[in-house]
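Coordinate inspection notes
Next come the chains, spelled out residue by residue.
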Amino acid sequence: MKQLIGLGVTLAWCVAAAGASSASAQLAPADVDVPMGEVALGNVSLPRAVMADGQALSAGSYDVRLTARSAAPETTGALNVLERWVEFVQGGEVRGQEVVTIVPASEIGEVAKSAAPGSGSARVEMLRENEYLRVWINQGGTHYLIHLLVG
């Protein structure tokens, strides 16, 4: 879990350094369209059980919803708006939550090696010798990456 948190922090720092030399902690780079409130990101099917924020999340189909909550306290020079919480909703109930990293289209090639899913779609893929499951959602060129520990 520490590796996963470290990955998110490192990614947020890289995005902040690349896109916001003088931006405040709440402003996103100009090429990232980040909604400020809650927004539905789409439906995903998790092929196996995972851990989301330390809680078990069963395999199955979920609606993914971006929340307005920042994932971390404000930090000087960081773009907290790019690290937010998402909720996994099933049957109208929140079944789990996890941190999402928001990445602009101009930087996704530096973050992910595989081709991005098409706009308005999602892809779920196994990473690191099947230790992690990545949920990758693309909405209009803004990419939402959620990394879940398998188990």
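Let me sum up the structure you'll find in this document. What you see is a predicted model; the values in this text were computed from it and never measured. (Residues numbered from 1 in each chain as written. Predicted model: local features only at pLDDT ≥ 70, side-chain atom pairs only at ≥ 80, totals over all residues. Heavy atoms only, no water.)

So, the pattern of salt bridges
If charged atoms from side chains of opposite charge come close, those side chains can pair. For clarity, the threshold we go by: A side-chain nitrogen of Lys or Arg and a carboxyl oxygen of Asp or Glu constitute a salt bridge if their distance falls within 4 Å. Exposure classes here rest on a 1.4 Å probe applied to the protein chains alone. A residue is buried below 20% of its type maximum, exposed above 50%, and partly exposed in between.
Throughout the structure, instances matching the rule amount to 5 salt bridges. Taking the shortest distance from any N to any O, the salt bridge between Arg95 and Glu93 comes out at 3.9 Å. For Arg95, a relative accessible area of 40% puts it in the partly exposed group. Looking at Glu93, the relative accessible area reads 45%, which means it is partly exposed. One network of salt bridges, with partners in common, ties together Glu38, Arg65 and Glu87.

Some words on the side chain of Asn138
Selection criterion: Put simply, DSSP H or I for four residues or longer makes a helix, DSSP E for two residues or longer makes a strand, and each gets a number counted from the N terminus. The contact definition used throughout considers only heavy atoms, calling two residues in contact when any of these lie within 4.5 Å.
Inspection of the secondary structure assignment puts Asn138 in strand β8 (residues 132-139). Contact partners of Asn138, with chain neighbours within four places excluded, come to Pro117, Gly118, Ser119, Gly120, Ser121 and His143.

Overview of the nonpolar core
For clarity, the cut-off: Take the buried residues of types Ala, Val, Leu, Ile, Met, Phe, Trp, Tyr and Cys, join any two whose side-chain atoms come within 4.5 Å, and each joined set is a nonpolar core.
In this structure, Leu46, Val64, Val86, Phe88, Val135, Ile146 and Leu148 are the most contacted members of the largest nonpolar core, which totals 21 residues. Residue assignment for this core shows that the elements contributing at least two residues are β1 (39-46), β2 (50-52), β4 (60-70), β5 (83-90), β6 (93-103), β8 and β9 (142-150). Once residues lying within four places of it in the same chain are set aside, the contact partners of Val64 are Val39, Ala40, Leu41, Gly42, Val44, Val86, Glu87, Phe88, Ile137 and Ile146. If you look at the next biggest cluster of nonpolar residues, it comprises 5 residues, including Ile108, Ala112, Trp136 and Leu145.

Observations concerning the packing of aromatic side chains
This is how it is decided: Paired rings are identified among Phe, Tyr and Trp, the last through its six-membered ring, by centres lying within 6.5 Å, and are further divided according to the angle between planes into stacked (under 30 degrees), edge-to-face (over 60) and tilted (the rest).
This model, assessed by the stated rule, comprises 1 aromatic pair. Note on Tyr62 and Phe88: the rings are 6.0 Å apart at their centroids and 90 degrees apart in plane angle, and the pair reads as edge-to-face. Placement of Tyr62 in strand β4 and of Phe88 in strand β5 is noted, with a sequence separation of 26 residues between them. Like Tyr62, the residue Phe88 is buried in the burial classification.

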